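Close look at the chain arrangement
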Amino acid sequence: MTDLTFSPSRTEQRALTNQRLLRLGFLAVTLLLLIPAGAILAVLVIEGAPGMTWEFLTEMPRDGGAAGGIATALVGTVWLTATALAVALPLGVAAAIYLSEYARDNWLTRTINIAIVNLAGVPSIVHALFGVGAFVYFMQFGKSILAAGCTLAVMTLPVVIVSTRESLQAVPHSFREACWNMGATRWQTIWRIVLPNSGSGILTGLILCVCRAVGETAPIMFTGAVFLRQVFPNGLFDKSMALSLHLFNVSTQVTDVPREIPFAVALTLILVVLSMNGVAIYFRMKLRGRKKW
Amino acid sequence: MRTSTTAPTPAGHAAITARGLNLWYGDFQALHDVDLDIRQGLVTSMIGPSGCGKSTFLRSCNRINERLDYVRTTGTIQVLGHDIYAPEASRIQVRRHVGMVFQRPNPLPLSIRDNVLFGTRLHGTGRRSRRDEDELVEDALRQVLLWDRVKDRLSRKATSLSLEEQQKLCIARLLPTKPSVLLMDEPCSALDPEATSAVEELIWELRGRYSILIVTHNMAQARRASDECVFMLMGKVIEHAATEQMFVSPARRETADYIEGRFG
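Residues numbered from 1 in each chain as written. Chains lettered and ligands numbered in written order. Predicted model: local features only at pLDDT ≥ 70, side-chain atom pairs only at ≥ 80, totals over all residues. Heavy atoms only, no water.

Time to look at the overall build of chain B. A count of helical and extended segments in chain B gives 10 helices and 10 strands. A globule of 264 residues ought to have a C-alpha radius of gyration of about 18 Å, and chain B, at 18 Å, matches this closely. Each principal axis of the C-alpha atoms in chain B carries an extent, and together these give about 55 × 45 × 35 Å. Expressed as a percentage of the 264 residues in chain B, the buried residues total 56%. Counting only contacts in chain B whose residues sit at least 6 apart along the sequence, the fraction spanning at least 24 positions is 68%. Total accessible area on chain B stands at roughly 11500 Å², and carbon and sulfur atoms take up 48% of it. (Helix = DSSP H or I, 4+ residues; strand = E, 2+ residues; numbered from the N terminus. Rg over C-alpha atoms; globule rule 2.2 N^0.38 Å. Buried < 20%, exposed > 50% of the residue type's maximum accessible area, 1.4 Å probe, protein only. Contact = heavy atoms within 4.5 Å. Areas by Shrake-Rupley, 256 points an atom, 1.4 Å probe, with all protein chains shown as cover.)

As structure tokens, this is what we get:
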């Protein structure tokens, strides 16, 4: 009993040293990941800030983008994104409600799930070609905001479906049981209890959808976005410019573009996405704080 | 084959009458030829080891089992003389008249008031006035002895209540749709001893106004808080008698063994 000691054994000391080293290693890798994110933002701010003026945001582009502002591109992006959202949100939420609340586990459901996963993995250029075939020609939308918005919607649907379905499933099953046992139909249960308690998740899906729609170039370039336009879109069947495509053009297609212009366009694009994310995070925190069970 | 010794039924309808009830979960038969008469206005407890079919029987009485699509049922259950499995019977109406309380209190993530009114709002035709609703809420909460404790915080979230209060609220929210039968699936097993006796007292208080069927694992609870007792084993009703009689002089060997704790 007297030789009882609590000092660490040698193997234990070695394990402790390893533990510290590993911890540092993992931390270093994680910090490494921050570098590109920080660097991108820093370069954009440093290089793009001089070009970010009120005139730049509100004036029409001239000389293929080499002069003037980006007003039509900015407004065009809003149009395209709103259209994509208006199509993807109702479809996505409806599909998620079906999959989470109604579908039984059978071959059809499994097939749908596989299809959603695969849809999420399709490269955006393939979506673009699908959009040309399906919306521009087959549905005869022509090259238009509607066709481009639908193409973006198809591309972002899996995100909306998956995030909505997950947030519906996060509502405890006991609430559903309580409702059913009081004689609620499935729809009454969904409408009164499940949906109101999954708002934050649905909102997240929506914002993710917006962020992707804002940034994508390929799906819109054959379906509705144009190189240069000096008037604002005049409805869903009009064509329009878009920030992402404009960035591609001023950085690679047009010659003699002042250095700060592409950076300023990129900065605008990233600010739009970041502010959308900020709004999403704000709402999520607000809704989460309210939720308690 | 009749395996039950059915207690004598008073004149008029029994609260629940099961005849030849068989139930399968897929290939597994959970209930075998169950014949039961649950008397009106009394508290009847169901005891038996886990998996003996008591919860399954309970869940058949408001047709909630049908949520599972691999469940198959034959035989009949009547509630106050009306066949709840009849082709013209609606599940929604059945559940309105036969309320269920769960093991874990499951108030909805709404205010106390909205929890109580949830059922009537589901079934309500047209909007009720605020005053009618207030009356319903007060009446239901008074019946479960909760009114004095929560009357000043009706708009608070139901989930902020203690477990005991939550369970009472779960009983209260069944009452506005005027059910005749209350089914309780181990209503006290998530509660501490003090809350348990409070809820038991409440159940005794509700006796007479409602016919109550309680599934319990707690033999002492069955003994002190029920008029009649049903003992089930392997999907069959072994014995059904007045509680006092069953615990003092059980008619069947299996009942005696279970009550004395020789298995289960």
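In this section: the overall build of chain A. In terms of helices and strands, chain A carries 12 helices and two strands. The C-alpha radius of gyration of chain A comes to 25 Å, more than 25% above the 19 Å expected for a compact globule of 293 residues. C-alpha atoms of chain A, sized along the principal axes, occupy 90 × 60 × 35 Å. In chain A, which comprises 293 residues, the proportion classed as buried is 42%. Relative to all contacts within chain A whose residues are 6 or more apart in sequence, the contacts with residues 24 or more apart total 74%. Of the roughly 16000 Å² of accessible surface on chain A, a fraction of 68% belongs to carbon and sulfur atoms. Side chains of chain A carry 22 positive and 14 negative charges; the gap between the two charge centres is 11 Å. (Lys, Arg positive; Asp, Glu negative; His and termini not counted. Charge placed at Lys NZ, Arg CZ, Asp CG, Glu CD.)

Moving on, we get to the environment of Ser200(A). Residues and elements named next belong to chain A. For Ser200, the position within the fold is in helix H9 (residues 199–215). A relative accessible area of 8% means that Ser200 is categorised as buried. With 88 residues separating them in the primary sequence, Ser200 and Arg288 have C-alpha atoms 7.1 Å apart.

Further remarks concern helix H4 (residues 130–143) of chain B. Residues and elements named next belong to chain B. If you check H4, its first and last C-alpha atoms are 20 Å apart, about what 14 residues at 1.5 Å a residue would give, namely 20 Å. Buried within H4 are the following residues: Glu133, Leu136, Val137, Ala140, Leu141 and Gln143. The buried residues of H4 occupy an angular sector of 160° when the element is viewed end-on, so they sit on one face. Facing away from the buried surface of H4 by more than 90 degrees, the exposed residues are Arg131 and Glu135. Two residues or fewer after H4 comes Leu145, characterised by a positive phi angle close to 60°. (Expected span 1.5 Å × (residues − 1). Arc of directions from axis to C-beta.)

Here the focus is the pattern of salt bridges. Pairing between side chains becomes possible if they bear opposite charge and their charged atoms approach one another. Residues and elements named next belong to chain B. Using the criterion set out here, one finds 25 salt bridges over all chains in the structure. The closest approach of N and O atoms between Glu164 and Lys168, which form a salt bridge, is 3.2 Å. Within this pair, Glu164 and its partner Lys168 are both found in helix H6 (residues 163–172), separated by four residues, close to a single helical turn. In terms of burial, Glu164 and Lys168 fall into one category: buried. Where Glu254 meets Arg252, a salt bridge forms, and the shortest distance between an N and an O atom there is 3.5 Å. (Salt bridge = Lys/Arg side-chain N within 4 Å of Asp/Glu carboxyl O.)

Contacts between the two partners involve 24 residues from chain B, matched on the other side by 20 residues from chain A. Around 2000 Å² of area is buried between chain B and chain A when both sides are counted, 59% of it from carbon and sulfur atoms. In this assembly, chain B and chain A are joined by one salt bridge. Counting the contacts that link chain B with chain A gives four residue pairs in polar contact (both at pLDDT 80 or more). Secondary-structure elements contributing two or more residues to the side of chain B that touches chain A are helix H2 (91–97), strand S6 (98–101) and helix H3 (112–123) of chain B. Per element, the largest residue contribution to the side of chain B that touches chain A is five residues, and it comes from H3(B). Of the residues contributing to the side of chain B that touches chain A, the split by class is 12 nonpolar, five polar and seven charged. (Buried area = accessible area lost by both parts, 1.4 Å probe. Polar contact = N/O pair within 3.5 Å; in protein donor to acceptor, adjacent residues only side chain to side chain. Nonpolar A, V, L, I, M, F, W, Y, C, P; charged D, E, K, R; others polar.)

In this section: the sheet that holds strand S9 (residues 228–233) of chain B. Residues and elements named next belong to chain B. Spatial ordering of the open sheet is given by S6-S7-S8-S3-S9-S10, a layout of six strands whose pairing is mixed. Every interior strand has two partners, whereas the edge strands, S6 and strand S10 (236–242), have only one. Sheet twist, expressed as the average angle between the axes of neighbouring strands with direction ignored, equals 20°. The pairing of strand S3 (residues 43–47) with strand S8 (residues 211–215) spans four bridges and is parallel. Residue pairing across strands places Val43 opposite Ile212, the latter belonging to S8. Relative to S8, helix H7 (residues 193–206) is tilted by about 150°, and along the sheet it contacts S3, strand S7 (181–185) and S8. (Pairing = 2+ DSSP bridges. Axes fitted to C-alpha atoms, helices over the stretch in contact; angles between N-to-C directions.)

Interpretation in functional terms is not warranted from these geometric data alone.
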